[in-house]
Amino acid sequence: ELKVEQNPLFLSMQEGKNYTIYCNYSTTSDRLYWYRQDPGKSLESLFVLLSNGAVKQEGRLMASLDTKARLSTLHITAAVHDLSATYFCAVKEYNNNDMRFGAGTRLTVKP
Amino acid sequence: ETGVTQTPRHLVMGMTNKKSLKCEQHLGHNAMYWYKQSAKKPLELMFVYNFKEQTENNSVPSRFSPECPNSSHLFLHLHTLQPEDSALYLCASSATEQGGEAFFGQGTRLTVV
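Residues numbered from 1 in each chain as written. Chains lettered and ligands numbered in written order. Predicted model: local features only at pLDDT ≥ 70, side-chain atom pairs only at ≥ 80, totals over all residues. Heavy atoms only, no water.

> Looking at this model, I keep getting lost on the overall build of chain B. Mind explaining?
Counting secondary structure elements, chain B contains 0 helices and 11 strands. Tracing chain B from N to C terminus, the helices and strands come up as β-β-β-β-β-β-β-β-β-β-β. In terms of overall dimensions, chain B has a C-alpha envelope of 40 × 25 × 25 Å along the principal axes. Taking as baseline every contact in chain B between residues at least 6 positions apart, the subset at least 24 positions apart corresponds to 52%. Here chain B displays about 5,400 Å² of accessible surface, and carbon together with sulfur accounts for 50% of that area. Within chain B, one finds 10 positive and 10 negative side-chain charges whose respective centroids are separated by 10 Å. (Helix = DSSP H or I, 4+ residues; strand = E, 2+ residues; numbered from the N terminus. Contact = heavy atoms within 4.5 Å. Areas by Shrake-Rupley, 256 points an atom, 1.4 Å probe, with all protein chains shown as cover. Lys, Arg positive; Asp, Glu negative; His and termini not counted. Charge placed at Lys NZ, Arg CZ, Asp CG, Glu CD.)

As structure tokens, then:
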């Protein structure tokens, strides 16, 4: 069964700092997704990464995918309070529609 | 709104009750999912339907029964639940083309008493 691991699970950082969240997965895949969840809300799609070396950026967030290492990263640049949320990565196996999620990283950005 | 609608948003039910959760999508997607999100565990994939055919049943207890009458609607029938089944139940849909990202409904907050 496909396993998806995220780390760290909890991240407290100061405004203005940079940090990276890591997502490892266990089987062959070239479809990786990042989501954001605010407390009491549903999941919002952030990035879709569909090939080795794919890089996507939106504001202070940048996501990348290395399919050979089975690793994706979500880099936060100059964090602001509004980025406080839980971030999930998710993976679809090759030729399979099942989407499995990591445990999530709860990010808190402090002034 | 993401195009995926779940009802009800909140549900309180006794252990002997029977209830159903409903999910509807008008995005033209061909896959629909049920996930369970509880405080103690990560998002758990429960059921997957592709083109109305169930392709995944992730060892879910039989007190949860999914139904997919067409590609736009998905139900989760509940009966004789346990308190530990209290959680947020999320429905999602995706297309196999165009990247395949899943779009989520707002969820049903279920409390079993």
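> Got a minute to help me understand the sheet that holds strand β8 (residues 73–79) of chain B in this structure?
Two orientations exist for strands paired in a sheet by backbone hydrogen bonds: parallel and antiparallel. Residue and element names in this part refer to chain B. The 4 strands are arranged β1-β3-β8-β7 in an open sheet whose pairing can be described as antiparallel. Two strands close off the open sheet at either side, each with one partner strand: β1 (4–7) and β7 (64–70). The average angle at which neighbouring strand axes cross in this sheet is 20°, direction not considered. Judged from the 5 bridges that link them, β7 and β8 form a sheet pairing that is antiparallel. Note on β8: the bridge partner recorded for F64 is L78. (Pairing = 2+ DSSP bridges. Axes fitted to C-alpha atoms, helices over the stretch in contact; angles between N-to-C directions.)

> Is there a simple way to explain the packing of aromatic side chains in this structure?
What describes a pair of aromatic rings is the distance from one ring centre to the other and the angle between the planes of the rings. Evaluation of the coordinates by the stated rule reveals 8 aromatic pairs over all chains. Each ring, one from F101(A) and one from Y35(B), has its centre 5.3 Å from the other, and the planes form 90°; the classification is edge-to-face. Taken together, the positions of F101(A) in strand β10 (residues 99–101) and Y35(B) in strand β4 (residues 31–38) put the pair across two chains. A centroid spacing of 5.9 Å and a plane angle of 35° characterise the contact between F64(B) and Y89(B), whose relative ring orientation is tilted. One end of the pair, F64(B), is in strand β7; the other, Y89(B), is in strand β9 (residues 87–94), with 25 residues separating them in the sequence. Per residue, the accessibility class of F64(B) equals that of Y89(B), and both read buried. Three or more aromatic residues joined by ring pairs make a cluster, and in this case those are Y35(A), F88(A), F101(A), Y33(B), Y35(B) and F104(B). (Phe/Tyr/Trp six-rings, centres within 6.5 Å; stacked < 30°, edge-to-face > 60°. Buried < 20%, exposed > 50% of the residue type's maximum accessible area, 1.4 Å probe, protein only.)

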